[in-house]
Amino acid sequence: GRLLALAGLALLGICVLAGLAIGSNQTNQRALATLYERDIDTLVRLQRIESSLLEVRFRAAGVLLEQMPIPGSLNHLRETRTQIAAYWQALAPKAEASFTEGEPRERFDQLKQGWDAVDGTLAKLESAYAAKDKNAVTSVLEEDWAVLHRRAVKPLQGLIPDTRAIAEAAYVSAAGTSR
């Protein structure tokens, strides 16, 4: 009888440990899914939008310095506009869920409100390239790009470290829960 009671107690202990392991694994899986789907994906899309915009500006300056051809820059701009639009469309709902309070929320709201400056400026640059009008390219870089930078690029650049901090906090929280 005593041996059977000890075996039953050992079996109960094994079942409790297995249950804890399964629960902990599910919690960690959810934390990792959130970390990847929301935070890491958001970070990558923010960085791609930023680098794409900086590359467009660099190429426009190259056109003015006659270091870059207009037809190649026009093709690049058209591809980049499509990519940026796709990044934004995928990013916006996830960022809405990530940036819920404080400065990150303010920056994201600024970015949303200023997003029209991105498409508007890129459209003007595309028109200037299509007309092969370097004066119009100069005007876009000197006037429109400053507005684009203030309304979109600056908040975007602020959101990149915010996203890293949010991802780090999610990781630390998940690591603390699994202990």
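Check the entry above for the structure.
Residues numbered from 1 in each chain as written. Predicted model: local features only at pLDDT ≥ 70, side-chain atom pairs only at ≥ 80, totals over all residues. Heavy atoms only, no water.

Colleague: Explanation requested: the overall build of the chain in the structure shown.
Modeller: On a plain count of helices and strands, the chain comes out with four helices and zero strands. When the helices and strands of the chain are placed in sequence order, the string is α-α-α-α. The buried share of the chain, reckoned over its 179 residues, is 34%. Contacts spanning at least 24 positions in sequence make up 79% of the contacts within the chain whose residues lie at least 6 apart. On the chain, roughly 10,600 Å² of surface is accessible, and the fraction owed to carbon and sulfur atoms is 57%. (Helix = DSSP H or I, 4+ residues; strand = E, 2+ residues; numbered from the N terminus. Buried < 20%, exposed > 50% of the residue type's maximum accessible area, 1.4 Å probe, protein only. Contact = heavy atoms within 4.5 Å. Areas by Shrake-Rupley, 256 points an atom, 1.4 Å probe, with all protein chains shown as cover.)

Colleague: Whenever I open this one, helix α2 (residues 70-98) confuses me. Can you help?
Modeller: An α-helix turns once per 3.6 residues; consequently, residues spaced three or four apart project the same way. A rise of 1.5 Å per residue sets the reference length of α2, with its 29 residues, at 42 Å; its end C-alpha atoms lie 39 Å apart and thus fit the reference within 8%. By the largest-angle criterion, alanine 92 marks the main kink of α2, which is about 35°, and a proline, proline 93, follows within four residues. (Expected span 1.5 Å × (residues − 1). Bend = angle between axes of the 7 residues up to and from the residue.)

Colleague: Which parts of the structure should I look at to understand the nonpolar core?
Modeller: The nonpolar side chains of a soluble globular protein tend to be buried, and buried together. Of all hydrophobic cores here, the largest spans 36 residues; its most connected members are Ile49, Leu53, Val118, Leu122, Leu125 and Tyr129. Elements supplying a minimum of two residues to this core: α1 (2-64), α2, α3 (102-130) and α4 (134-177). Looking at this core, the element that brings in the most residues is α4, giving ten residues. (Core = buried A, V, L, I, M, F, W, Y, C linked by side-chain atoms within 4.5 Å.)

Colleague: What is the right way to look at the pattern of salt bridges in this model?
Modeller: Side-chain pairs of opposite charge can arise where the charged atoms are in close proximity. Taken as a whole, this structure holds 14 salt bridges when the rule is applied. The closest approach of N and O atoms between aspartate 116 and arginine 151, which form a salt bridge, is 3.1 Å. Of the two residues, aspartate 116 is situated in helix α3 and arginine 151 in helix α4; the sequence distance between them amounts to 35 residues. Take arginine 151: its relative accessible area is 28%, and that puts it in the partly exposed class. What you see here is one network of salt bridges that share partners, running through Arg78, Arg81, Asp119 and Glu126. (Salt bridge = Lys/Arg side-chain N within 4 Å of Asp/Glu carboxyl O.)

Colleague: Can you walk me through a nonpolar patch on the surface in this structure?
Modeller: Together, Leu6, Leu9, Leu12 and Val16 give the surface a local cluster of nonpolar side chains, amounting to about 400 Å² of exposed area. With respect to the secondary-structure elements, leucine 6 resides in helix α1. (Patch = residues over 30% accessible without salt bridge, like charges linked within 9 Å, V, L, I, M, F, W, Y side chains within 5 Å.)

Colleague: Where do I start with the packing of α2 against α3 in this structure?
Modeller: Describing two packed helices takes the angle between their axes plus the distance from one axis to the other. Interhelical geometry of α2 versus α3 gives an angle of 160° and a closest axis separation of 10 Å. Relative to α3, the element α2 is oriented roughly antiparallel. Pair α2 / α3 crosses with left-handed handedness. (Axes fitted to C-alpha atoms, helices over the stretch in contact; angles between N-to-C directions. Parallel < 35°, antiparallel > 145°, perpendicular 65-115°, else oblique. Left-handed = near helix turned anticlockwise from the far one by under 90°.)

Colleague: Looking at this structure, I do not really get the packing of aromatic side chains. What am I missing?
Modeller: Note on aromatic pairs: each is described by the distance of the centres and the angle between the planes. In this structure the tally under the stated criterion is three aromatic pairs. Aromatic pair tryptophan 88 and tryptophan 115: ring centres 4.2 Å apart, planes at 10°, arrangement stacked. Of this pair, tryptophan 88 sits in helix α2 while tryptophan 115 sits in helix α3; the two residues are 27 residues apart in sequence, bridging distant segments of the chain. We classify tryptophan 88 as buried; its relative accessible area is 13%. By the ring-pair criterion, three or more aromatic residues cluster together here, those being Trp88, Phe99, Phe108 and Trp115. (Phe/Tyr/Trp six-rings, centres within 6.5 Å; stacked < 30°, edge-to-face > 60°.)

Colleague: Please explain α3 as it appears in this structure.
Modeller: Look at α3: 42 Å from first C-alpha to last across 29 residues, which is about the 42 Å you get at 1.5 Å a residue. The largest bend in α3 is about 45°, located at glycine 114. Downstream of α3 by one or two residues, lysine 132 has phi in the positive range, about 55°.

Colleague: Before we go on, may I ask you to explain unusual backbone geometry in this structure?
Modeller: The phi dihedral of glutamate 66 falls on the positive side, at around 60°, and the residue is not glycine. Within the secondary structure layout, glutamate 66 lies in the loop between α1 and α2. Even without being glycine, lysine 132 reaches a positive phi, approximately 55°. For lysine 132, the position within the fold is in the loop between α3 and α4.

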